Amino acid sequence: MAVHSRIRVILLGLALAAIAGCGGSAPGGAPASGEPYVIKFPHVVAPATPKGIMAQRFKELAEERFPGRVRVEVYPSAQLMEDSDSIEALAFGEVQMIATTVSLYDRLTQKFQVFDLPFLFPDLAAVERFQASPPGRELLTTLTDQGILGLQFWHNGMKQLTGPRPLIEPDDARGLKFRVMESDILEAEIKAIGGSPQKMAFGEVYQALQTGAIDAQENTWSNIYSSKFYEVQPYMTESNHGYIGYFVAVNAPFWRSLPDDLRTGLEATLAEVTQWGNARSESINLEDRQHILDSGRTELTVLTPQQLTAWQEAMRPVWDEFRDRIGAELVNAALAAAQ
Ligand code: LMR
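Predicted, not measured: the structure shown is a model, and the values here were computed from it. (Residues numbered from 1 in each chain as written. Predicted model: local features only at pLDDT ≥ 70, side-chain atom pairs only at ≥ 80, totals over all residues. Heavy atoms only, no water.)

A. Spotlight on the pairing of strand β3 (residues 97–101). Of all 5 residues in β3, 5 are buried, a share of seventy percent or more. Here β3 pairs with strand β10 (residues 243–251) via 5 bridges, running antiparallel. When the bridges of β10 are listed, M97 appears paired with V250. (Buried < 20%, exposed > 50% of the residue type's maximum accessible area, 1.4 Å probe, protein only. Helix = DSSP H or I, 4+ residues; strand = E, 2+ residues; numbered from the N terminus. Pairing = 2+ DSSP bridges.)

B. Structural detail: the side chain of N278. Checked against the element boundaries, N278 lands in helix α10 (residues 260–295). N278 gets classed as buried once you look at its relative accessible area, which sits at 11%. A polar contact is formed between the side chain of N278 and the backbone oxygen of F153, at a distance of 3.2 Å. For N278, the side chain forms a polar contact with the main-chain nitrogen of H155, separated by 2.8 Å. Contact partners of N278, with chain neighbours within four places excluded, come to M54, E128, F153, W154 and H155. (Polar contact = N/O pair within 3.5 Å; in protein donor to acceptor, adjacent residues only side chain to side chain. Contact = heavy atoms within 4.5 Å.)

C. Representation of the packing of aromatic side chains. Applying the stated criterion to the full structure yields 14 aromatic pairs. Between the aromatic rings of Y105 and F112, the centroid separation amounts to 5.5 Å while the plane-to-plane angle is 65°, which identifies the pairing as edge-to-face. With centroids separated by 5.9 Å and ring planes inclined at 35°, the aromatic side chains of F121 and F130 adopt a geometry described as tilted. With relative accessibility at 0%, the residue F130 sits in the buried group. Put simply, the rings of Y105, F112, F115, F121, F130, F153, Y243 and F247 touch in pairs and so form one group of aromatic residues. Its end group placed over the ring of W276, R57 keeps NZ or CZ at 4.2 Å from the ring centre. The side chain of R316 reaches across the aromatic face of W319, ending 4.3 Å from its centre. (Phe/Tyr/Trp six-rings, centres within 6.5 Å; stacked < 30°, edge-to-face > 60°. Lys NZ or Arg CZ within 6 Å of the ring centre and 35° of its normal.)

D. Quick peek at the sheet that holds β3. Strand order in the open sheet formed by 3 strands is β3-β10-β4, with antiparallel pairing between adjacent strands. Edge positions in the sheet fall to β3 and β4 (148–158), since each of these pairs with one other strand and no more. Each strand axis lies, on average, 20° off the axis of its neighbour in the sheet, ignoring direction. Bridging between β4 and β10 involves 9 bridges; their strand directions are antiparallel. Among the inter-strand pairings, G157 is bridged to a residue of β10, identified as I244. Strands β3, β4 and β10 of the sheet are contacted by helix α2 (residues 50–65), whose axis makes an angle of about 135° with β4. (Axes fitted to C-alpha atoms, helices over the stretch in contact; angles between N-to-C directions.)

E. View of the packing of helix α6 (residues 184–192) against helix α12 (residues 317–326). Packing of α6 against α12 leaves a shortest axis separation of 9 Å and a crossing angle of 155°. What the angle tells us is that α6 and α12 run roughly antiparallel. Handedness of the crossing formed by α6 with α12: right-handed. Touching D184, I185, A188, E189 and A192 of α6 are V318, E321 and F322, all from α12. Residues belonging to the contact of α6 with α12 are distributed by class as follows: 5 nonpolar, no polar and 3 charged. (Parallel < 35°, antiparallel > 145°, perpendicular 65-115°, else oblique. Left-handed = near helix turned anticlockwise from the far one by under 90°. Nonpolar A, V, L, I, M, F, W, Y, C, P; charged D, E, K, R; others polar.)

F. View of the nonpolar core. The biggest cluster of nonpolar side chains holds 100 residues, and the ones touching the most others in it are F115, W154, F247, W255 and L266. In terms of residue count, the dominant contributor to this core is β10 (7 residues). (Core = buried A, V, L, I, M, F, W, Y, C linked by side-chain atoms within 4.5 Å.)

G. Layout of α10. For α10, spanning 36 residues, the distance from its first C-alpha to its last is 50 Å, which sits close to the expected 52 Å at 1.5 Å a residue. Where α10 bends most, the angle comes to about 35°, and this point is S281. G296 occupies a position one or two residues after α10 and carries a positive phi of about 70°. (Expected span 1.5 Å × (residues − 1). Bend = angle between axes of the 7 residues up to and from the residue.)

H. Structural view of the environment of Q96. Tracing the sequence through the fold places Q96 in the loop between α3 (83–92) and β3. Q96 gets classed as buried once you look at its relative accessible area, which sits at 6%. Once the C-alpha coordinates of Q96 and Q131 are considered, the two residues, 35 residues apart in sequence, prove to be 23 Å apart. One polar contact links the side chain of Q96 to the main-chain amide nitrogen of K40, over a distance of 2.9 Å.

I. Geometry of the packing of α2 against α10. Packing of α2 against α10 brings their axes to within 9 Å, and their N-to-C directions diverge by 150°. Judged by the inter-axis angle, α2 sits roughly antiparallel to α10. Of the two elements, α2 crosses α10, and the hand of that crossing is right-handed. Across the contact of α2 with α10, the residue classes break down as 11 nonpolar, 6 polar and 4 charged.

J. Quick look at α6. Those residues of α6 lying buried are I185, L186, A188, E189 and I190. Buried residues along α6 sit in contact with β6 (177–180), β7 (196–199), β8 (216–219), α11 (305–315) and α12. The first or second residue beyond α6 is G194, which carries a positive phi of 85°.

Written as structure tokens, this is what we have:
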């Protein structure tokens, strides 16, 4: 479905979800007596990724702690749907929980684009300080009126560049077709380095790289490894230029419809899983970086400080374009946490 028609559907879904939240029956409503509540949880990455292991652990702990009362159905690797469709499905109550990247919410709020300002966060620890700060916590409830309640943020890792030729100076990106997520700020970032951005769902990227429909892309080590992008990209640059992390959200009317003890118990379980998984995300990415190097399929460029500065300067215009849209106060809060 084209991005714009998807947005129309999302907005319609949000309206329906909001109506349901104002006294209508909750999407997915209470199960028949004796049946468990079913939480459908689709995502697009492989099971052996930070998100994959957290989703699976949440399922296992939730079902163990609430036997017979809840069933969590995790659908990895875009088996059920792609990410943008999952936001729509959440709004409609067709699925109950998602963990799509923060980058995909820009039609619903400009605030999440703070995570995609290039080179704002030097590492995951800086992102975590921001997410734990009061302005960071407030982001979780930004979309509640629209029927989407954020419960946690999950990390993946920092983004790296991959391409058909060495990407050492920003000029090396000129003219290359880069796949980006469906996000305007990421589109602007690629334009800033002279590339041609192509918005595309994650599940289509491998084949598009393989057939040459796109030339290059940006992603974390864990996604590049688990989705085998390194097999079809001969060069990589360790740029750490951005963050990939997830807004773990539930359909708000469904969540409110859960019995209190179940809802609070699931929230505590999710908080525990978040702490467990976020603490592992960096090492998973580093292990996958090593797996890629061991494969001998690609050549890695580690930038010198001067080369890194050139990339930072090249992407800087994105800040001028997006700072006010995001809100200067929020950007400043992120900057303070990133120090
Ligand atoms: C993407 O590039 O679309 C990914 O970041 C998706 C994901 O869930 O990590």
